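Listed here are the chains, written in short residue letters.
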Amino acid sequence: MITVLGADPMGAGLILADMAAGAFLSGALARPPAARMGADRVVVLGLGLEILGVAALVLVLRAGAPMPALVGFLLLYGLGLGLASAQLTSTVLRDTATAASGQGAATQSTVRQLGSGFGTAIAGSVLAVVTTHAATTKLRRSHCPGSTPRTGPKNSAIRPAA
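All of the points below concern the structure found in this document. What you are looking at is a predicted structure, and each value in this text was computed from that prediction instead of being measured.

Rules of the game
- Residues numbered from 1 in each chain as written.
- Predicted model: local features only at pLDDT ≥ 70, side-chain atom pairs only at ≥ 80, totals over all residues.
- Heavy atoms only, no water.
- Helix = DSSP H or I, 4+ residues; strand = E, 2+ residues; numbered from the N terminus.
- Contact = heavy atoms within 4.5 Å.
- Axes fitted to C-alpha atoms, helices over the stretch in contact; angles between N-to-C directions.
- Parallel < 35°, antiparallel > 145°, perpendicular 65-115°, else oblique.
- Left-handed = near helix turned anticlockwise from the far one by under 90°.
- Expected span 1.5 Å × (residues − 1).
- Buried < 20%, exposed > 50% of the residue type's maximum accessible area, 1.4 Å probe, protein only.
- Nonpolar A, V, L, I, M, F, W, Y, C, P; charged D, E, K, R; others polar.
- Core = buried A, V, L, I, M, F, W, Y, C linked by side-chain atoms within 4.5 Å.

**Thoughts on the overall build of the protein chain**
Then, number 1: Summing up its helical and strand segments, the protein chain has 6 helices and 0 strands in all.
Then, number 2: N-terminal to C-terminal, the α/β element order of the protein chain is α-α-α-α-α-α.
Then, number 3: Taking all contacts inside the protein chain whose residues are at least 6 apart in sequence as the whole, residues at least 24 apart take part in 67%.

**Let's talk about the environment of Arg-31**
Then, number 1: Examined against the element boundaries, Arg-31 turns out to sit in helix H2 (residues 31-37).
Then, number 2: The sequence separation of Arg-31 and Ala-86 amounts to 55 residues, and the corresponding C-alpha distance is 8.4 Å.

**Remarks on the packing of helix H3 (residues 39-60) against helix H4 (residues 67-93)**
Then, number 1: Here H3 crosses H4 at 155 degrees, and the two axes come no closer than 7 Å. In terms of axis orientation, H3 runs roughly antiparallel to H4. Crossing geometry of H3 relative to H4 is assigned as left-handed.

**Re the environment of Val-44**
Then, number 1: In this fold, Val-44 is placed in helix H3.
Then, number 2: Val-44 sits 39 residues away from Leu-83 along the chain, and the two C-alpha atoms are 8.8 Å apart.

**A closer look at helix H1 (residues 9-28)**
Then, number 1: An ideal rise of 1.5 Å per residue puts 28 Å on 20 residues; H1 measures up with 28 Å between its terminal C-alpha atoms.
Then, number 2: Taken together, the buried positions of H1 are Gly-11, Ala-12, Ile-15, Gly-22, Ala-23 and Ser-26.
Then, number 3: The inward-facing, buried residues of H1 abut H4.

**Some remarks on the packing of H1 against H4**
Then, number 1: Axis separation between H1 and H4 bottoms out at 6 Å; the angle between their running directions is 35 degrees. The handedness of the crossing between H1 and H4 comes out as right-handed. Packed against H1, whose contacting residues are Ile-15, Leu-16, Asp-18, Met-19, Gly-22, Ala-23, Leu-25, Ser-26 and Gly-27, the element H4 presents Met-67, Val-71, Leu-74, Leu-75, Tyr-77, Gly-78, Leu-79, Leu-81, Gly-82, Leu-83 and Ala-86 at the interface.
Then, number 2: In the contact of H1 with H4, the residues fall into 14 nonpolar, 5 polar and 1 charged.

**Some thoughts on the nonpolar core**
Then, number 1: One finds Leu-5, Ile-15, Leu-57, Val-60, Ala-65, Leu-70 and Leu-74 forming the largest nonpolar core, which totals 7 residues.
Then, number 2: Breaking this core down by element, the ones donating at least two residues are H3 and H4.
Then, number 3: Dropping the residues within four chain positions of it, Leu-74 is found in contact with Ile-15, Leu-16, Met-19 and Leu-57.
Then, number 4: With 5 residues, the next largest nonpolar core counts Ala-34, Val-42, Leu-49 and Leu-83 among its residues.

Structure follows, in C-alpha cells:
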C-alpha cells in the first residue's frame, strides 16, 4: 500500500485497521446470529463474506485503486473473519467429550496456526515466482543492457582462462 498506492505508514495502518475493526465488531456480535441460525451457519456466512471481500479486492486492487473501495472490501473481509473465528472453537468442541475438550481446543488451534503458516508460505512463494517471472519478462522485452541472461561459458561473464 505504501509503494503502490502511495499511502504513508500511518495511512496504510489505518486502512488495515478497518479489517481488524470489522473482525472485532462481528466477533463480538456473533452470538445472537449463532443462537438463531446455528454456529455452523454463522461460520459458513463468515467464510462467504471473507471470500467476497477477497474476490472484490482481486478485482479492484491495482495502482490508483480507489481507497474507499479498498477500505470497504477489507472491512467486509474482517466482518467475515470475526463471524467465522468467533464460532469456530465452539463448533469444533460441540461434539467433543468434556474430558477431551482441552485436547480438542488445542488441536483446533494448532491446525488453524499451521494452516495460517502454510497458507502464508504458499502465497508468498507464488507471489515471488509470479513477480520474478513478470519482472524478467518485461526486462527482456525492454532490451536494456544486461537484461538478457548469460548462459554457458561462451556468454558467461566469467570466462575460462585461455
